[in-house]
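Read off the chains here:
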Amino acid sequence: MTAAPALDSAIAPPQGGRWAIEAVDIDKWFGPVHANRDVTLRVAKGSIHGIVGENGAGKSTLMNILYGYHPADRGEIRIDGKTADIRRPSDALALGVGMVHQHFMLVENFSVLENVLLGAEGGALLAEGRGKARAELERLGRDYGLEVDPDAVVEDLPVGIQQRVEILKALYRGAETLILDEPTGVLTPQEADKLFHFLRVLRDQGKTVILITHKLREIMDVTDRVTVMRRGAVVADLLTQNTSKEELAELMVGRKVRLGGDKAPANPGAVVLEVQDLHVNDEQGKPRVRGVSFNVRGGEIVGIAGVSGNGQTELLEALGGIRPAASGRIALKGSEVSTRRPGLTARILRRLGLGHVPEDRHRMGLVAGFAAYENAILGHQDEKQYHRGWLLDRARMVDYCGEWMDAYDVRPGNPLLEALSFSGGNQQKLVVAREMEHTPDLLLVGQPTRGVDIGAIEFIHKRLIAMRDAGKAVLVVSVELDEIMTLSDRILVMFDGRIVGEVSPETATERQLGLMMAGIAEAA
Amino acid sequence: MEDTLLLVSTMASATLRVATPLVLAALAGLFAERSGIVDIGLEGKMLGAAFAAAATAAVTGSAWLGLCAALAASTLLSLIHGFASITHHGNQVVSGMALNIMVAGLCPVLANAWFRQSGQTPMLGQQARFGPIALPFAESLAKVPVIGPLYSGVISGHNILVYLAALAVPVVAFVVYRTSFGLRLRAVGENPEAVDTAGVSVSRLRYQALILAGLLCGVAGAYLSTAHNAGFIRDMTAGKGYLALAALIFGKWKPVPTLLACLLFAFADAVQIRLQGVPVPGIGIIPVQLIQALPYVLTVLLLAGFVGKSVAPKASGIPYLKER
């Protein structure tokens, strides 16, 4: 046994209450990976219990065990104090355990009603259960403020509403304990607030909520108690009011973490990127970027803040040469690179000194089935250094990739592994390594740390600042306000395809930025 | 007038006879593919069933026992497909194709060993086949103009399996759209994880779907060898399984449109039989081979150009493995 971790008042449920759900000495292997090591978790009835940990810490595995999606190799689950034999989701559902998965488990071309009915049809014929489900949905909608049109087709609904359908599914099945796996990843801040409000209502009615997240602020906001996991094991179980973000971060990572981090003042040099009156349309021809002008100098980080879907994606794609601009001017190091000119593709831009870490690393940043070393040179595969005569020089690619993996702390550091076998944070570090190691003068970074754990966030931020200090120009687009505030030397706020203002991170407040992002306030 | 009516009624009747195995096989494919299992083995199942039916009927002299044997053989083949593709997550096209090849070789070999008739089963007598059934009033109504010949000439006078196939369409539509099983079936072909997390076993559902597919193919096979023909001959399915699959795609994996697609293909087949050796005005006699290719050419044309957006069940063909 290792030394007792920071467990306070661990054994007895508070105020003579009961445990809603207990997992005792759970052990789980996935092939060679020890995903859960002797994990013990106790969740008090009528509480909101948070579980934090970096990606790959075993949070989701533990929840999938509680839900019966993956049976444990060893250990015991107790529900309401009684040993429960949960081997498949139907067992968990029968015992009142419901789960909202990170990736929604919805049949997209089904109506809301059909999705709710699935698995709980209440008879051989659909007509029998349908009326009852409709009435029940209406009641749940009224009681919890979860109104949804039962006949709407799921794929037509926005993600926030789809999540509501998932919650309704669980409640309809009579969930007493609701597990939510990273529920706020797809939500706007306002939607997240609404969700938290709803979780408090659930708790006040005596239901139990288990919330998995990597956002420490959410833990501090909404949970009563928090369990920290690291590398498959529980390292702490704390009352939320007795802890802090800093302590949690340290427990998660296993060492001191600088949240925020500090940096020297910027030393801006010559203009590297110049954008004038840029207009960009989406596939449907709808204008998404509507007359944007700004520039980025060497030695500074410019951050673009905004609620997702206000044109940042299209702007970044146009600058990266992936999407043609409708009109306007883009100049890189003084030479015009209007993306309307046919043939001026991402590849040529790269040659001119552009690096691009795209927003969606799964779709654009990596080829999931390629080995790490192949991904490490993608976009630069025509360069001489990777060739020996006509052929790609595999040995050299592997060498380079191995070096970068060391330098960027990509784990496991094996260039021959497929990209998909790395965790999100390590995939992102691989993409960042590729873009930075090809020495761009301008680095575009979209959502630098989306789906990335704290350790990797810290690392990527440090690298971006180092790049700035080396005199390169960096443009960061992120929906995470914290990140924008930490990294940027100047902040541009985008709303509805326009830049509505520029603020300095020293003087700006989150509230002011939030209002600008909502299109309500102008820059002071 | 009289001639035209006779032509129409002969053609319509022929279309129904040709369409029967197509409809049954296409509905079999509908169950399988809606559950997320690509069933390219329809052909093999039908052929195996045709052989089992003919062999059993030849030995026992009973068409009904033949049908039972066909159902058993075809379901067994379906379960083998399931074992490879559900339990062992194998490639569904490979597994289905393997069945087709195996059955195509095995049946003539068994026929040779058991009956010594160069890969065929003995000709079946009337007793060992499904004979035509005259529907009530067919005789008396025959004299009524227009309706009479259509009723007695087109609708009446088929064997029981034709009516079974006709009945199967509304039954399958009801099962797929109105029952809990149907809801789960449609869901598991779209998003098996949603079904799994809703507490329903994906494997069990898919096996159930494959058993239904096996039964329907069994009827189709029995029809071929003990109703439409009088015995099993080598490769007697002649691509009907693939044609049924094409009709299923053309019908967008929905029962009624699939039926219509089957009727269209069958009509093309009836036309090609009709056109053989008949001089076409201005062209003369068209070579038989060219005419026989007509239904297949039609299939290619329809699938290539006129289907519009036909979206397969999303999870079709993908073995279900739990995410870590």
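Per-chain numbering applies: the sequence of each chain, read as written, is numbered from 1 onward. Lettering for chains starts from A, numbering for ligands starts from 1, and both go in the order in which the items are written. Local features in this predicted model are restricted to residues of pLDDT 70 or higher, and side-chain atom pairs are both shown and tallied only at a pLDDT of 80 or more, whereas totals for entire chains, interfaces and linings draw on every residue. Remark: hydrogens and water are excluded; side-chain values derive from all non-hydrogen atoms of the structure.

Student: Tell me about the overall build of chain A, and please be specific about residues and values.
Tutor: In terms of regular secondary structure, chain A is built from 17 helices and 23 strands. The globule rule puts the C-alpha radius of gyration for 524 residues at 24 Å, and the 25 Å found for chain A is close to it. Over its C-alpha atoms, taken along the principal directions, chain A stretches across nearly 70 × 50 × 50 Å. A 1.4 Å probe rolled over the protein chains alone gives each residue an accessible area, and that area as a share of the maximum for its type sets the label: buried under 20%, exposed over 50%, partly exposed in between. Residues counted as buried form 52% of the 524 residues belonging to chain A. Each accessible area is a Shrake-Rupley estimate made with a 1.4 Å probe; only the visible protein chains count as cover when residues are assessed. Of the roughly 23,000 Å² that chain A leaves accessible, carbon and sulfur atoms contribute 50%. Charged side chains of chain A number 62 positive and 72 negative; the gap between the two group centres comes to 2 Å. Here a strand is any run of E in DSSP of at least two residues, a helix any run of H or I of at least four, and the numbering for each starts at the N terminus. Note on method: radius of gyration uses C-alpha positions; expected globular size equals 2.2 Å times residues raised to 0.38. Positive charges come from Lys and Arg alone, negative charges from Asp and Glu alone, with His and the N- and C-terminal ends not counted. To locate a charge, the coordinates of NZ of Lys, CZ of Arg, CG of Asp or CD of Glu are taken.

Student: Talk me through the environment of A:Leu513; I want residue IDs and the actual numbers.
Tutor: Mapped onto the fold, A:Leu513 is located in helix α17 (residues 510-517). Since its relative accessible area comes to 0%, A:Leu513 is described here as buried.

Student: If you had to explain the interface of chain B and chain A to someone new, which residues and values would you point to?
Tutor: We call two residues in contact whenever any of their non-hydrogen atoms come within 4.5 Å of each other. With 24 residues of chain B at the contact, the number on the chain A side is 29 residues. The junction of chain B with chain A conceals about 2,200 Å² of combined surface from both sides, 58% of it contributed by carbon and sulfur atoms. Salt bridges are defined by distance alone: a side-chain nitrogen of Lys or Arg within 4 Å of a carboxyl oxygen of Asp or Glu. For the pair chain B and chain A, the interface holds three salt bridges. A salt bridge links A:Glu121 to B:Arg184; its shortest N-O distance comes to 2.7 Å. When two parts are brought into contact, each loses some accessible area as probed by a 1.4 Å sphere; the total of that loss over both is the buried area.

Student: A description of the domain arrangement of chain A should follow, citing residues and the corresponding values.
Tutor: Residues and elements named next belong to chain A. For chain A, the assigned domains read domain 1 (6-96 + 176-253), domain 2 (109-172) and domain 3 (271-353 + 440-517). Segmentation of the chain into domains, including their bounds, is taken from an automatic or database domain assignment. When each unit is reduced to the centre of its C-alpha atoms, the spacing between domain 1 and domain 2 is 26 Å. Listed by partner, the interface residues are 13 residues for domain 1 and nine residues for domain 2. Each partner contributes to the roughly 860 Å² buried at the junction of domain 1 and domain 2, and carbon and sulfur atoms together form 71% of this total. Across the domain 1-domain 2 interface, the total number found is zero salt bridges.

Student: So, the sheet that holds strand β3 (residues 33-44) of chain A: which residues are in play, and what are the values?
Tutor: Sheet strands pair via backbone hydrogen bonds, and the direction of the pair is either parallel or antiparallel. All names here are of chain A. Two strands qualify as a pair provided DSSP detects at least 2 bridges between them. Strand order in the open sheet formed by four strands is β3-β2-β5-β6, and the pairing between neighbours is antiparallel. Lying at the two open borders of the sheet, with one neighbouring strand each, are β3 and β6 (82-84). Between one strand and the next, the sheet's axes are offset by a mean angle of 25 degrees, whatever the strand orientation. As defined by bridge partners, strand β5 (residues 74-79) adjoins β6 across three bridges and the pair is classed as antiparallel. Its bridge partner lying in β6, Arg78 is registered against Thr83. A fitted line through C-alpha atoms serves as each axis, taken over the contacting stretch for helices, and the angle formed by two N-to-C directions is quoted from 0 to 180°.

Student: Before we move on, can you summarise the pattern of salt bridges with the specific residues and values?
Tutor: Residue and element names in this part refer to chain A. According to the stated counting rule, one finds 42 salt bridges over all chains in the structure shown. The salt bridge involving Lys45 is made with Asp80; its shortest N-O contact spans 3.6 Å. Within this pair, whereas Lys45 is found in the loop between β3 and β4 (48-53), its partner Asp80 is found in the loop between β5 and β6, the two being separated by 35 residues in sequence. With relative accessibility at 30%, the residue Lys45 sits in the partly exposed group.

Student: Can you explain a nonpolar patch on the surface? Please cite residues and give values.
Tutor: All names here are of chain B. Patch membership is restricted to residues that have no salt bridge and whose relative accessible area is over 30%. Joining uses 9 Å for like charges and 5 Å for the nonpolar side chains Val, Leu, Ile, Met, Phe, Trp and Tyr. A cluster of nonpolar side chains, contributed by Val8, Phe137, Leu141, Val144, Val146, Ile147 and Leu150, occupies part of the molecular surface with about 600 Å² of accessible area. Relative to the assigned elements, Phe137 resides in the loop between α4 (92-115) and α5 (138-141). On the accessibility criterion, Phe137 (61% relative accessible area) is exposed.

Student: Could you give an account of the confidence of the model for chain A, with specific residues and numbers?
Tutor: Per-residue pLDDT for chain A has a mean of 88; in total, 94% of the residues score no lower than 70. pLDDT expresses, on a scale from 0 to 100, how confident the predictor is about each individual residue. Within the model, the stretch residues 1-11 of chain A combines pLDDT values under 50 with 18 contacts to residues more than four positions away or in other chains.

Student: Summarise the sheet that holds strand β15 (residues 327-332) of chain A; cite the residues concerned and give the values.
Tutor: Residue and element names in this part refer to chain A. The antiparallel open sheet is built from four strands, whose spatial order is β13-β12-β15-β16. Two strands bound the open sheet, and with one partner strand each, they are β13 (287-297) and β16 (335-336). As paired elements, β15 and β16 share two bridges and run antiparallel to each other. Among the inter-strand pairings, Ala331 is bridged to a residue of β16, identified as Glu336.

Student: Kindly report on the packing of helix α5 (residues 159-172) of chain A against helix α6 (residues 189-204) of chain A, identifying the contributing residues and their values.
Tutor: Think of two packed helices as two axes; the pair is described by the angle between the axes and how far apart they sit. Residues and elements named next belong to chain A. Between α5 and α6, the shortest axis-to-axis distance is 11 Å and the interhelical angle comes to 15 degrees. With respect to their mutual orientation, α5 and α6 come out roughly parallel. When the axes of α5 and α6 are compared, the crossing they make is right-handed. Contacts from Gly160, Gln163, Arg164, Ile167 and Leu171 in α5 reach Glu191, Lys194, Leu195, Phe198 and Leu202 in α6. Oblique is the label for any angle not under 35 degrees, not over 145, and not in the 65 to 115 range, which are roughly parallel, roughly antiparallel and roughly perpendicular in turn. A crossing counts as left-handed when the near helix is turned anticlockwise from the far one by less than a right angle, and as right-handed when that turn is clockwise.

Student: Could you give an account of the state of the cysteines, naming the residues involved and the relevant values?
Tutor: Any pair of cysteine sulfurs within 2.5 Å is marked as a disulfide. If you walk through the whole model with that rule in mind, you get zero disulfides over all chains. Here B:Cys68 stays unpaired: no disulfide links it, and the sulfur of B:Cys217, its closest cysteine neighbor, is 17 Å away.

Student: Lay out the environment of B:Val176 in plain terms, naming residues and giving numbers.
Tutor: All names here are of chain B. Among the secondary structure elements, Val176 is positioned in helix α7 (residues 160-178). In this structure, the C-alpha to C-alpha distance between Val176 and Ile318, residues 142 residues apart in sequence, is 21 Å. For Val176, the contacting residues outside a window of four places in its chain are Leu30, Phe31, Arg34, Gly182, Leu183, Leu185 and Arg186.

Student: Which residues make up the side chain of A:Asp27, and what are the values?
Tutor: Turning to its location among the elements, A:Asp27 is positioned in strand β2 (residues 19-30). Side-chain polar atoms of A:Asp27 contact the backbone nitrogen of A:Asp38, separated by 2.9 Å. For the purposes of these results, a polar contact is taken to be a pair of N or O atoms within 3.5 Å, where, inside protein, one atom must be able to donate a hydrogen and its partner to accept one; residues adjacent in sequence count only when each atom of the pair is a side-chain atom.

Student: Give me the packing of aromatic side chains: which residues, what numbers.
Tutor: Two aromatic rings from Phe, Tyr or Trp, using only the six-membered ring of Trp, form a pair when their centres are within 6.5 Å; if the ring planes differ by under 30 degrees the pair is stacked, by over 60 it is edge-to-face, and anything between is tilted. Scanning the entire structure with this criterion turns up eight aromatic pairs over all chains. Aromatic pair B:Phe51 and B:Trp114: ring centres 6.0 Å apart, planes at 25 degrees, arrangement stacked. Of this pair, B:Phe51 sits in helix α2 (residues 42-60) while B:Trp114 is found in helix α4, placing the two residues 63 residues apart along the sequence. For B:Trp114, a relative accessible area of 54% gives the class exposed. For the ring pair B:Phe51 and B:Phe232, a centre distance of 5.2 Å and an interplane angle of 75 degrees mean the geometry is edge-to-face. Residue B:Phe51 is found in helix α2, and its partner B:Phe232 is found in the loop between α10 (202-228) and α11 (240-250); the two are separated by 181 residues along the sequence. By the burial criterion, B:Phe51 is buried, and B:Phe232 matches it. Feature note: the residues A:Tyr386, A:Tyr400 and A:Trp404 constitute an aromatic cluster, connected by ring pairs. Either the NZ atom of lysine or the CZ atom of arginine qualifies as a charge over a ring when it sits within 6 Å of the ring centre and within 35 degrees of the ring normal. When the ring centre of A:Phe459 is taken as origin, the NZ or CZ atom of A:Lys429, which lies over that ring, is 5.7 Å away. Stacked on the ring of A:Tyr408, the Lys or Arg A:Arg463 has its end atom at 4.2 Å from the ring centre.

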